[in-house]
Amino acid sequence: MAEHRIDRVAREAFGFDVLRPGQREAIESVLDGRDTLVVMSTGSGKSAIYQIAGLLLPGATVVVSPLIALQRDQVDDLRERAAGGAAQINSSIPAAERQAALAELAEDALEFVFLAPEQLANGDVLDELAVARPSLLVVDEAHCISEWGHDFRPEYLRLGAAAEALGRPPILALTATAAPPVRAEIAERLGLRDPEVLVRGFDRPNIRLAVRRFQDAERKRRALREHVAAATPPGIVYVATRRAAEELAGALWADGVRAASYHAGMRGADRDAVQERFMVDDVDVVVATTAFGMGVDKANVRWVVHAEISDSLDSYYQEVGRAGRDGDPAEALLFYRPEDLGLRRFFSGGGQVDLAELATVYEAVVDAGGPVELSTLQDATELSQTKLASAVSRLEEAGAVEVLPDGDVAPASGGPDRQEAIEAAAGLEGNRRELDRSRVDMMRAYAETDACRRGFILSYFGEPVDGPCGHCDTCEEGRAEAAAPPDEVPFPVGARVAHGEWGEGVVQRYDDVALVVLFDDVGYKTLALEVVVERGLLRAAG
């Protein structure tokens with residue numbers, strides 16, 4: 001019966017003849033009332049999951065999304081389909097319209113309500129949403145709740161508590177890319193209960209993966225300009241800094257390429273103009289920092305070039321996924337120079353906090369004598385928003401503070417004493433730094449591997465690998481076959497193992513001479529296979 005209803009709504013409301021892999025399983029999980037975490041690559045149809053499930057469930061569907069422009073597109077699309085009514089509640093909407101939407105919600109006249117996460121810090125909005133008793137809470141771009149994700153947003157940290165304030169409806173968390181540690185953090189911070197975790201659609205066989213290696217910075221820059229000038233547009237070039245975006249866009253324009261820069265330092269109107277020109281093919285190449293891409297649904301991007309190495313494979317594959325969404329051949333090319341790793345390691349430490357900063361935040365919470373707003377804490381501690389969020393997270397993990405449904409922070413009842421709390425939080429922060437460093441190291445390993453690049457990425461995300469893909473540079477050059485893992489390995493992929501120093505972890509992948517283990521506390525470690533076997537460095541864990 002459920003399958004019949006799903007198919008009917010998919011066809012009649014949204015015009016889908018066939019559901020894509022993973023969509024049906026996710027919809028069924030939601031209809032069964034289970035918390036569900038869906039990890040599907042860009043363009044695989046995540047929105048259809050909550051749209052179909054929302055129409056089949058009685059009661060309203062609340063969708064939290066950081067992208068106001070995407071919210072607007074979704075609302076317009078749902079209204080056009082007459083799919084139960086939809087509205088936005090965010091800072092771009094006049095107060096009168098926000099109130100009208102909440103009134104419609106209270107009268108059960110809205111099926112979908114789209115919110116920016118900061119709206120859930122508004123007690124009045126939270127109360128009015130709770131009165132409507134929504135039947136489903138959707139968290140889009142769920143990786144934003146994870147500090148280990150590639151687009152951490154502190155305002156997402158209140159979503160777990162907000163779900164409880166809304167009567168704790170089933171939660172559907174959606175993201176385009178999340179390695180196992182990010183998935184675990186999403187589930188923990190949202191408070192997911194025995195979630196169904198669906199990982200689908202990471203294999204994008206139409207995208208050729210390749211790396212070009214350089215030692216000299218000027219040669220790399222010259223080769224990149226030549227490659228982009230000769231490549232069939234449209235395409236995207238990702239760079240590490242705002243300055244690099246502007247300089248490279250200008251150089252490409254001088255080369256005769258219709259290029260434009262895009263970064264967070266530009267005025268919003270200017271960014272929107274660049275994006276719109278790209279969408280209508282008035283700009284062939286966008287040279288951007290990671291500020292560009294989320295929510296950009298352009299099907300015919302033929303290539304994505306990275307001028308510098310990304311901070312993680314999560315970030316890299318999210319950005320790569322913007323190519324070839326029409327299913328036609330596309331390319332993802334990394335211009336790699338080992339010296340660029342230093343810049344990424346520097347950036348990866350931007351939100352880290354030290355012992356003194358943890359102590360400052362803890363004491364500010366205690367001195368407040370009760371729940372305190374994050375803005376007040378920021379004024380008192382003079383920390384950046386990102387550092388403050390990291391400190392609060394570490395102290396919360398240590399059991400020293402709690403984040404309330406409205407986002408305020410309060411001392412935890414029965415928590416550890418001051419010194420114990422701060423030292424425990426500092427230890428957790430040390431683990432976080434190890435994790436961050438290990439992600440950069442995995443990106444370096446991808447750039448330098450002789451193994452199949454597609455297999456490398458799929459194993460990173462926990463997807464099964466059947467063998468060399470035949471369509472990346474290492475496969476085409478014959479290197480991947482030579483780097484294949486041996487027939488006999490000490491532990492199967494996916495097995496839990498333990499190390500004397502690093503604790504427990506999961507075997508991620510093998511090549512001909514090494515294995516990679518994702519340790520729970522310190523992240524990814526690459527170990528020489530011969531040494532593991534000879535010295536017994538790993539043992540099976542429970």
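It should be emphasised that the depicted structure is a prediction, and the values quoted were computed from it without experimental measurement.

Rules behind the numbers
- Residues numbered from 1 in each chain as written.
- Predicted model: local features only at pLDDT ≥ 70, side-chain atom pairs only at ≥ 80, totals over all residues.
- Heavy atoms only, no water.
- Pairing = 2+ DSSP bridges.
- Helix = DSSP H or I, 4+ residues; strand = E, 2+ residues; numbered from the N terminus.
- Axes fitted to C-alpha atoms, helices over the stretch in contact; angles between N-to-C directions.
- Contact = heavy atoms within 4.5 Å.
- Core = buried A, V, L, I, M, F, W, Y, C linked by side-chain atoms within 4.5 Å.
- Buried < 20%, exposed > 50% of the residue type's maximum accessible area, 1.4 Å probe, protein only.
- Expected span 1.5 Å × (residues − 1).
- Arc of directions from axis to C-beta.
- Polar contact = N/O pair within 3.5 Å; in protein donor to acceptor, adjacent residues only side chain to side chain.

1. Examining the sheet that holds strand β3 (residues 86–89)
- Reading across from one edge, β3-β4-β2-β5-β6-β1-β7 is the order of the seven strands in this open sheet, with parallel pairing throughout. Unpaired on one side and paired on the other, β3 and β7 (196–200) mark the two borders of the sheet. Taking the axes of each pair of neighbouring strands and ignoring which way they run, one obtains an average angle of 15 degrees across the sheet.
- In this fold helix α4 (residues 68–80) packs onto β3 and β4 (112–115), with an angle of close to 160 degrees to the strand it touches most, β3.
- Strand contacts of helix α8 (residues 180–190): β1 (36–40), β5 (136–139), β6 (171–175) and β7, with the helix running at about 150 degrees to β6, the strand carrying the most contacts.

2. Things to note about the nonpolar core
- Counting residues in each nonpolar core, the largest one holds 87 residues, and the members touching the most others are Leu129, Ile186, Leu190, Phe292 and Tyr446.
- Among the elements that line this core, the one with the most residues is helix α17 (residues 418–448), at six residues.

3. Let's talk about helix α9 (residues 217–230)
- The end-to-end C-alpha separation of α9 is 20 Å, in line with the 20 Å expected for 14 residues at 1.5 Å each.
- Along α9, the positions that sit buried rather than exposed are Lys220, Ala223, Leu224 and Val228. Along the axis of α9, the buried residues cluster in a sector spanning 130 degrees; they form a single face. More than 90 degrees from the buried face of α9, the exposed residues found are Arg219, Glu226 and Ala230.
- In this structure, the buried side of α9 is in contact with β8 (207–213), β9 (235–238), α10 (242–254), β11 (285–288), β12 (303–306) and β13 (330–336).
- The N-cap residue of α9 is Asp216: its side-chain oxygen and the backbone nitrogen of Glu218 are 3.2 Å apart.

The values reported here are purely geometric and, on their own, carry no functional implication.
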